[in-house]
Amino acid sequence: MAQYVAIIEDADPDETVSLWFPDLPGCISGGDDVEEALENAPEALAFFAQELTADGRQLPPPRTLDELKADPEFAEDVRNHTAVLIEWPPRIDAE
């Protein structure tokens, strides 16, 4: 199962929390707090994958956190914000 690195942007208490995927430009999630942003992340990833599929493309392979730290475009974001892993495809828990 693949895991995409997501960056949680720090937010003021009165603002929503945003989460974005360095490997998936334009794929973002959000919520009133970090927990909600994390809960919404798989849905955002699914929607993004669906849009790519509709355009005849596939999700790019995810990079590791170390690979993103080595990429000058994302190194500062990884260093200054919280990075989390989001599984893809999401695990379906048995009820």
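Let me begin by describing the structure that accompanies this report. Everything numeric in this text was worked out from a predicted model, so none of it was measured. (Residues numbered from 1 in each chain as written. Predicted model: local features only at pLDDT ≥ 70, side-chain atom pairs only at ≥ 80, totals over all residues. Heavy atoms only, no water.)

### Here's the deal with the packing of aromatic side chains
As enumerated under the stated definition, the model contains one aromatic pair in all. Ring geometry for Trp20 and Phe74: centres 6.1 Å apart, planes at 45°, overall tilted. Of this pair, Trp20 sits in strand β2 (residues 17-20) while Phe74 sits in the loop between α2 (65-70) and α3 (75-80), and the two are 54 residues apart along the sequence. Each member of the pair, Trp20 together with Phe74, is buried. (Phe/Tyr/Trp six-rings, centres within 6.5 Å; stacked < 30°, edge-to-face > 60°. Helix = DSSP H or I, 4+ residues; strand = E, 2+ residues; numbered from the N terminus. Buried < 20%, exposed > 50% of the residue type's maximum accessible area, 1.4 Å probe, protein only.)

### Focus: the pattern of salt bridges
This model, assessed by the stated rule, comprises three salt bridges. Salt-bridge contacts for Arg63 lead to Asp23; the nearest nitrogen and oxygen are separated by 2.6 Å. Note that Arg63 is positioned in the loop between α1 (34-54) and α2 and Asp23 in the loop between β2 and β3 (28-31), a separation of 40 residues in sequence. Accessibility expressed as a relative area gives 10% for Asp23, which makes it buried. The closest approach of N and O atoms between Arg63 and Asp71, which form a salt bridge, is 2.7 Å. The exposure class assigned to Arg63 is partly exposed, which follows from its relative accessible area of 25%. In this structure Asp71 comes out as buried when scored by relative accessible area, which is 16%. Three or more residues are tied together by salt bridges with common partners; here these are Asp23, Arg63 and Asp71. (Salt bridge = Lys/Arg side-chain N within 4 Å of Asp/Glu carboxyl O.)

### Comments concerning the sheet that holds β2
The strand order across the open sheet formed by four strands is β3-β2-β1-β4, and the pairing between neighbours is antiparallel. Single-partner strands in this sheet number two, and they are β3 and β4 (82-88). Taken pair by pair, the neighbouring strands of this sheet meet at an average axis angle of 30°, ignoring direction. Bridge count for β2 against β3 is four bridges, and the pairing is antiparallel. Bridged to Leu19 within β3 is Ser29. Against the sheet, α1 touches β1 (2-9), β2, β3 and β4, its axis set at about 150° to β3. (Pairing = 2+ DSSP bridges. Axes fitted to C-alpha atoms, helices over the stretch in contact; angles between N-to-C directions. Contact = heavy atoms within 4.5 Å.)

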